[in-house]
Structure formats: structure tokens, C-alpha cells
Amino acid sequence: MSFPSVFPILKLPILCIESILNQFEIYDKINVSLLSKKCHWILKRLTKPNLLCLNIQIEKHYAEVIFVLKTNQNYGSWIFDFGELEKLTPIQHTINGCNMDYGEHLRFYPFRFADPQQTLNSAVAYFIDLFNIHVRRVNLAPDEIPDTRKFIFPGCNQCEEMKITGNIPFKKYILKHYLENIKITECLAFDIPFESNFYLDPIHFLKDEIHFLNSSANWITRDVFFNLKNQRIQLYECDISKVNVKDFELFVDRWYHSNDTEFELLVMKWKVFPGRLDIKRFNPMPLDKNKRSPKIRLQYGREIDCSRGKDIERSDGLLATVSKRNNH
């Protein structure tokens with residue numbers, strides 16, 4: 001009985017090799033890139049796959065690296081299981097909801113280390129380099145993360161967005177470490193309580209967009225509020241004793257008498273309705289739908305309907321819309 005010979009793909013002309021490899025799935029391309037330096041070089045030359053970025057979720061016992069397509073759909077993910085005893089465990093990935101396990105042969109991967117955290121960091125750096133992509137979002141849940149991993153960050157020192165969620169108050173020294181070691185280029189969001197005496201200079205929060213959700217805004221005072229220099233600011237569950245409706249009016253007043261063209265959005269929500277909003281001194285007008293859309297864009301496709309809001313026009317012709325909701 002005769003058997004077909006092995007297909008000598010690497011002996012083909014380079015354009016033929018690239019044409020064949022471009023038909024491979026993303027995970028297969030990763031495997032091929034690890035065969036040799038030549039394979040790695042060829043894979044880096046390929047027309048880039050339909051990948052947009054990576055998203056990373058870090059929990060107590062595991063981290064998940066999610067491959068996001070240019071259609072904003074998740075292609076699949078690799079789960080790095082830290083394990084209670086920091087054991088060496090296989091990396092799993094999912095495609096269309098089906099779990100796939102590469103098993104023990106992962107020990108041959110160049111980013112495979114005895115420390116699962118180091119494996120995560122090295123793997124993310126490898127994916128970024130191989131596919132020429134970036135980390136878009138890091139979701140961090142620091143509750144109950146062991147002290148040995150308090151100061152982790154995922155394989156790179158830059159991402160577009162970071163969201164920190166949890167129920168245990170976030171300590172200042174840990175937060176300061178993250179903000180000093182990770183460059184967050186677009187949005188920083190908190191959905192985690194802070195210690196009662198928490199204070200951090202607002203310069204540390206200087207990102208394009210800042211969110212303090214739920215109880216995260218409780219520590220913010222008037223001075224902190226006025227020193228936030230972000231283009232887009234969202235504060236929820238504000239403490240009226242620290243930041244009240246008059247502070248909101250003064251914020252509008254500061255913009256109205258400035259030449260600031262960077263600021264875009266302020267959303268404030270109080271635990272208790274803060275009282276009557278007075279903007280008469282700005283000569284408000286009904287919102288003109290012919291001048292601007294009443295829909296104000298928030299993150300992740302969400303919008304605020306400001307059709308019942310009032311427009312105010314600055315001396316340089318720049319418009320702002322002030323909209324009050326009865327639900328605080």
C-alpha cells in the first residue's frame with residue numbers, strides 16, 4: 001500500500017506559502033508560527049487576519065484573552081487558569097461556544113512558564129507582535145486576588161480601556177501602581193468602592209474618558225470634581241454633601257466663559273435628587289434638531305436622549321446642551 005507523501009509547503013515559492021497559510025484559522029496560524037523562526041517570519045508577513053484587537057478579563061483564578069474580529073464579534077478566547085496553587089494548567093480556547101483543549105503539548109510553547117501569570121504576560125505580548133494588533137479593553141476584578149498577583153498587568157503596558165470592578169474597597173497604593181504602570185489611552189472606568197479616606201490627585205485620572213459608577217464616586221469632592229480635566233466625565237451615585245447641583249452649574253459656567261474646545265460630555269447622577277437646576281443666566285434655548293442630533297453618544301453604542309434639553313451658545317458659537325432627568 002502506498003501513502004501520499006508529505007506536502008512540502010515550505011519548499012514552495014513564498015507567495016504560494018502565504019496564499020495557503022492565509023486560509024488557516026487564527027489558532028492554526030499561531031501553531032504554525034511556533035514551528036520555527038522561518039515560520040514565524042512568514043506568518044508575520046501575511047496579510048493580517050480579520051482580527052481587530054484583544055480584550056482581557058482578569059479574575060481571581062483565571063485570565064481570559066479574547067480575540068475580537070474587525071466585525072466586533074468575539075472569535076474565541078484562551079483561558080489561562082492560575083489555579084489555587086499556581087499549578088501549571090493547560091490553556092483552553094473556545095470557538096463558537098465549543099471548548100477546545102490543546103493539552104500538555106503546550107509545554108513546548110516559548111511563552112510557557114511555570115508561573116501562569118508569566119505565561120499570560122508572554123502569550124499576550126506574542127499575539128500582539130505576531131498579528132500586529134493591540135489590547136483594546138482590560139477588565140480587572142481585584143477582589144480576592146492573592147497578594148502575590150496584586151501588581152499584575154497583562155503582557156503589555158498599554159490598552160485603550162480599563163474597567164475595574166469589585167465589592168471590596170480598592171486600596172490607594174494598588175490603584176496608583178496600575179495607573180503608573182499601564183498607559184490607558186482612552187477610557188478608565190471604576191465600578192468598585194473606595195476606602196472611606198481615599199484621595200488621589202486627579203492628575204492620575206487624566207484620560208480621554210473617566211467613569212465613576214455606583215459607589216465609586218462617593219469619595220469625589222467639589223475640589224476633585226473641578227480638577228478632572230477629562231474630555232468625557234461620568235459620575236454616578238454622587239454624594240450631594242460633597243458635590244451638589246450648584247457645583248454642576250459652576251462647571252457649566254466655567255465652560256461657558258472659557259475657550260475650551262476639548263471638553264465633550266459630563267453626566268452626573270446623585271443618590272438623592274440634588275434640587276433645582278438654574279441655567280437662566282446662560283440664555284438657554286430649546287434644542288434645535290436642525291443644528292445637532294438630540295442623541296448624545298455614550299460608550300458601547302449607548303445614547304442619551306437630550307431632545308427635552310436646553311441649548312446654550314457660547315460667544316464663539318459653540319453649542320452645549322443641558323438636560324435634566326427626573327430620575328436624578
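Residues numbered from 1 in each chain as written. Predicted model: local features only at pLDDT ≥ 70, side-chain atom pairs only at ≥ 80, totals over all residues. Heavy atoms only, no water.

Under an unreviewed UniProt entry, the chain has the name F-box domain-containing protein and belongs to Caenorhabditis latens.

### Structural notes on the overall build of the chain
Counting its secondary structure elements, the chain contains seven helices and 16 strands. A total of 328 residues make up the chain; the buried ones form 45% of that total. Of all intrachain contacts in the chain linking residues separated by at least 6 positions in sequence, the fraction that spans at least 24 positions is 56%. Split by element, the accessible area of the chain, about 17900 Å² in all, is 52% carbon and sulfur. (Helix = DSSP H or I, 4+ residues; strand = E, 2+ residues; numbered from the N terminus. Buried < 20%, exposed > 50% of the residue type's maximum accessible area, 1.4 Å probe, protein only. Contact = heavy atoms within 4.5 Å. Areas by Shrake-Rupley, 256 points an atom, 1.4 Å probe, with all protein chains shown as cover.)

### Quick word on the side chain of S33
If you trace the backbone, S33 turns up in helix 2 (residues 26-33). By relative accessible area, S33 is classed as buried at 2%. Here I30 takes part through its backbone oxygen, which lies 2.7 Å from a polar atom of the side chain of S33. Discounting residues that sit within four places of it in the chain, S33 has contacts with C39, H40, L43, Y126 and L130. (Polar contact = N/O pair within 3.5 Å; in protein donor to acceptor, adjacent residues only side chain to side chain.)

### Quick notes on the sheet that holds strand 15 (residues 310-313)
Reading across the sheet, the three strands line up as 12-15-16 and stay open at both edges, with antiparallel pairing between neighbours. Two strands close off the open sheet at either side, each with one partner strand: strand 12 (285-286) and strand 16 (319-322). Bridge analysis of strand 12 against strand 15 gives two bridges, and the strand direction is antiparallel. Residue pairing in the sheet places P286 in a bridge with K310 of strand 15. Against the sheet, helix 7 (residues 245-256) contacts strand 15 and strand 16, and its axis sits at roughly 40 degrees relative to strand 15. (Pairing = 2+ DSSP bridges. Axes fitted to C-alpha atoms, helices over the stretch in contact; angles between N-to-C directions.)

### Points about the environment of L51
Note that L51 resides in strand 1 (residues 51-58). Judged by relative accessible area, L51 falls into the buried class, the value being 4%. A C-alpha to C-alpha distance of 7.0 Å links L51 and F67, two positions 16 residues apart in sequence.

### Describing the pairing of strand 3 (residues 74-81)
The pairing of strand 2 (residues 62-69) with strand 3 spans seven bridges and is classified as antiparallel. In the sheet register, Y62 faces strand 3, and the bridge partner there is D81. Where strand 2 hands over to strand 3, the hairpin turn is made up of four residues, of which N72 adopts a positive phi near 70 degrees.

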